[in-house]
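# Survey of secondary and tertiary structure
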Amino acid sequence: RARRAPIHVRPLYVAAAHIKQMIELAGWTLRIRTVAFLGILSAAAGATLVYALDAGIAAALVGAAVGACVPGVAMLRARQARLRAFESMLPDATDVIARALRAGHPLPATLQIVGEEMADPVGAEFRRLHDHFRYGMPLPEVMREFADRVPLVDARFLATAILLQRETGGNLSELLDNLVVVIRDRFRVRRQVRTVTAH
């Protein structure tokens, strides 16, 4: 029998998985240790720069702390930009799925079509979904993993619609057509709110 990780080690696994997901959502291809190494280098650079200005050890420690945060802040900004791009492209991706279903394609094939026709980040995420299908992962697990990976309400709407149609039956293409209208209306309202807030 495989040994379970000690209780005090499990939070480290959870934190590492969370950081890995953040890196992937940012569109980076770096490993966790690489990001950590960049944080160390940035901290050293910040401390060295502040100390070179004769600001004292305390100020150098503050500079190190600020420098250590630089890779994390850059990653969060890249993640936010990528999620906004995903959010703006998701209605078109959902529309492609609906049209492909009406043309007679099975759901896994529609995911492949979206992955091939849409630009990243949507294309990359749907290629990942299709790969999961190809490797034999069940549909509910695939869609739940998608909803967990992409922390957007609209992405969860899409996953829920597909799973609901699988359980209750019905015309998935019509359901997705209605979902496209809802997602586009939500995106338009959010964009208006951001514009008003910026002003």
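The paragraphs below set out a description of the structure included in this document.

Cut-offs and rules
- Residues numbered from 1 in each chain as written.
- Predicted model: local features only at pLDDT ≥ 70, side-chain atom pairs only at ≥ 80, totals over all residues.
- Heavy atoms only, no water.
- Core = buried A, V, L, I, M, F, W, Y, C linked by side-chain atoms within 4.5 Å.
- Buried < 20%, exposed > 50% of the residue type's maximum accessible area, 1.4 Å probe, protein only.
- Helix = DSSP H or I, 4+ residues; strand = E, 2+ residues; numbered from the N terminus.
- Contact = heavy atoms within 4.5 Å.
- Salt bridge = Lys/Arg side-chain N within 4 Å of Asp/Glu carboxyl O.
- Axes fitted to C-alpha atoms, helices over the stretch in contact; angles between N-to-C directions.
- Parallel < 35°, antiparallel > 145°, perpendicular 65-115°, else oblique.
- Left-handed = near helix turned anticlockwise from the far one by under 90°.
- Expected span 1.5 Å × (residues − 1).
- Phe/Tyr/Trp six-rings, centres within 6.5 Å; stacked < 30°, edge-to-face > 60°.
- Nonpolar A, V, L, I, M, F, W, Y, C, P; charged D, E, K, R; others polar.

Take the nonpolar core next. With 37 residues, the main nonpolar core has Phe126, Phe146 and Leu176 as its most contacted residues. Contributing elements (two or more residues each) for this core: α3 (57-102), α4 (107-117), α5 (122-134), α6 (139-149), α7 (153-168) and α8 (172-198). Looking at which element gives the most residues to this core, the answer is α3, with 10 residues. Setting aside anything within four residues of it in sequence, one finds Leu176 in contact with Thr94, Ile97, Ala98, Leu101, Leu158 and Ala161. Grouped together as the second largest cluster of nonpolar side chains are 5 residues, Met22, Ala26, Val35 and Met75 included.

Here the focus is the pattern of salt bridges. Applying the stated criterion to the full structure yields 14 salt bridges. For the salt bridge of Asp154 with Arg190, the shortest nitrogen-to-oxygen distance reads 2.9 Å. Taken together, the residues span a long stretch of sequence, with Asp154 in helix α7 and Arg190 in helix α8 at a distance of 36 residues. Asp154 sits in the buried class, given a relative accessible area of 4%. It is possible to trace a salt-bridge network through shared partners that takes in Glu87, Asp154, Arg186, Arg190 and Arg194.

This brings us to the packing of α3 against α8. Interaxial distance between α3 and α8 falls to 9 Å at its minimum, and their mutual angle equals 165°. Judged by the inter-axis angle, α3 sits roughly antiparallel to α8. As for the relative orientation of α3 and α8, their crossing is left-handed in sense. Residues Arg84, Glu87, Ser88, Leu90, Pro91, Asp92, Thr94, Asp95, Ile97, Ala98, Leu101 and Arg102 of α3 pack against Leu172, Ser173, Leu176, Asp177, Leu179, Val180, Ile183, Arg184, Phe187, Arg190 and Arg194 of α8.

Here we take up α5. Between its first and last C-alpha atoms α5 spans 18 Å; for 13 residues at 1.5 Å apiece the expected length is 18 Å, and the two agree. Buried residues of α5: Val122, Gly123, Glu125, Phe126, Leu129, His130, His132 and Phe133, and no others. Just downstream of α5, Gly136 is the residue with a positive phi angle, here 95°.

Applying the stated criterion across every chain yields a total of 2 aromatic pairs. Each ring, one from Phe86 and one from Phe146, has its centre 6.3 Å from the other, and the planes form 45°; the classification is tilted. Within this pair, whereas Phe86 is found in helix α3, its partner Phe146 is found in helix α6, the two being separated by 60 residues in sequence. Across the pair, exposure class does not vary: Phe86 and Phe146 are buried alike. Here Phe126 and Phe146 contribute two aromatic rings whose centre-to-centre distance is 5.8 Å and whose plane-to-plane angle is 55°, an arrangement assigned as tilted. In this pair, Phe126 sits in helix α5 while Phe146 sits in helix α6, placing the two residues 20 residues apart along the sequence. These aromatic residues form a ring-pair network of at least three members: Phe86, Phe126 and Phe146.

Contact geometry for α7 and α8: axes closest at 11 Å, N-to-C directions at 165°. It follows from the interaxial angle that α7 and α8 lie roughly antiparallel. You can see that α7 and α8 cross each other, and the crossing is right-handed. When α7 is examined against α8, the residues Val153, Asp154, Phe157, Leu158, Ala161, Ile162 and Gln165 are found in contact with a partner set consisting of Leu172, Leu175, Leu176, Leu179, Ile183, Arg186 and Arg190. Within the contact of α7 with α8, the residues separate by chemical class into 10 nonpolar, 1 polar and 3 charged.

That is the geometry; function is a separate question.
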